[in-house]
Amino acid sequence: MSSNEDELRNSQKKRKTVQRACDNCRKKRKRCDQPAYPQTKCLNCIGDGVACTFKAEPKKRGMPKGYLSRST
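Analysis parameters
Residues numbered from 1 in each chain as written. Predicted model: local features only at pLDDT ≥ 70, side-chain atom pairs only at ≥ 80, totals over all residues. Heavy atoms only, no water. Helix = DSSP H or I, 4+ residues; strand = E, 2+ residues; numbered from the N terminus. Buried < 20%, exposed > 50% of the residue type's maximum accessible area, 1.4 Å probe, protein only. Contact = heavy atoms within 4.5 Å. Areas by Shrake-Rupley, 256 points an atom, 1.4 Å probe, with all protein chains shown as cover. Salt bridge = Lys/Arg side-chain N within 4 Å of Asp/Glu carboxyl O. Polar contact = N/O pair within 3.5 Å; in protein donor to acceptor, adjacent residues only side chain to side chain. Lys, Arg positive; Asp, Glu negative; His and termini not counted.

Chemist: Residue-level account of the overall build of the protein, with values.
Modeler: Scanning the protein for helices and strands turns up three helices and zero strands. Its helices and strands taken in sequence order, the protein reads α-α-α from the N to the C terminus. With 72 residues in all, the protein has 15% of them scored as buried. Of the contacts made within the protein by residues no fewer than 6 positions apart, 31% connect residues no fewer than 24 positions apart. For the protein, the exposed surface amounts to about 7100 Å²; the carbon and sulfur share of it is 49%.

Chemist: Got a sec to walk through the environment of Cys52? Specific residues and values, please.
Modeler: Along the chain, the position of Cys52 falls in the segment after helix H3 (43–48). Along the primary structure Cys52 and Cys22 are separated by 30 residues, whereas in three dimensions their C-alpha atoms are 6.2 Å apart.

Chemist: Report on the pattern of salt bridges, specifying residues and quantitative values.
Modeler: Applying the stated rule across the entire model yields one salt bridge. With its nearest N and O atoms 3.4 Å apart, the salt bridge here joins Asp48 to Lys28. With Asp48 in helix H3 and Lys28 in helix H2 (residues 23–28), this pair connects stretches of sequence that are 20 residues apart. Since its relative accessible area comes to 30%, Asp48 is described here as partly exposed. The class of Lys28 is partly exposed, set by a relative accessible area of 41%.

Chemist: Let's hear about the environment of Thr53: which residues, and what values?
Modeler: Within the element layout of this structure, Thr53 appears in the segment after H3. Overall, Thr53 belongs to the partly exposed group, its relative accessible area being 24%. Residues Thr53 and Asp23, 30 residues apart in the sequence, show an inter-C-alpha distance of 5.8 Å. Here Thr53 is in contact with Cys22 and Asp23, once residues within four sequence places are set aside. In terms of polar contacts, Thr53 uses its side chain to reach the side chain of Asp23, at 2.8 Å.

Chemist: Hey, could you go over the side chain of Asp23 for me, with residue numbers and the actual values?
Modeler: Residue placement: Asp23 occurs in helix H2. Comment: no salt bridge for buried Asp23; closest opposite-charge side chain is Arg20, at 4.4 Å. Polar side-chain contacts of Asp23 include one of 3.3 Å to the backbone nitrogen of Ala56. Excluding residues within four positions of it along the chain, Asp23 makes contact with Thr53, Phe54, Lys55 and Ala56.

This is the structure:
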């Protein structure tokens, strides 16, 4: 095997880390492979036949304001 073949195999095995999953993958709780170009769809959206969108608001993290009150 040549070094080019080894590099090709290693690059195919690694998954790209996605910052945020598309709306369809988030709803179905699947791993999103987020396309490199905005015009393309992820593989899950292609398989489901839906649009690959990123319109849903991300959920806020942490406790809501006023959840803890000081009692002194």
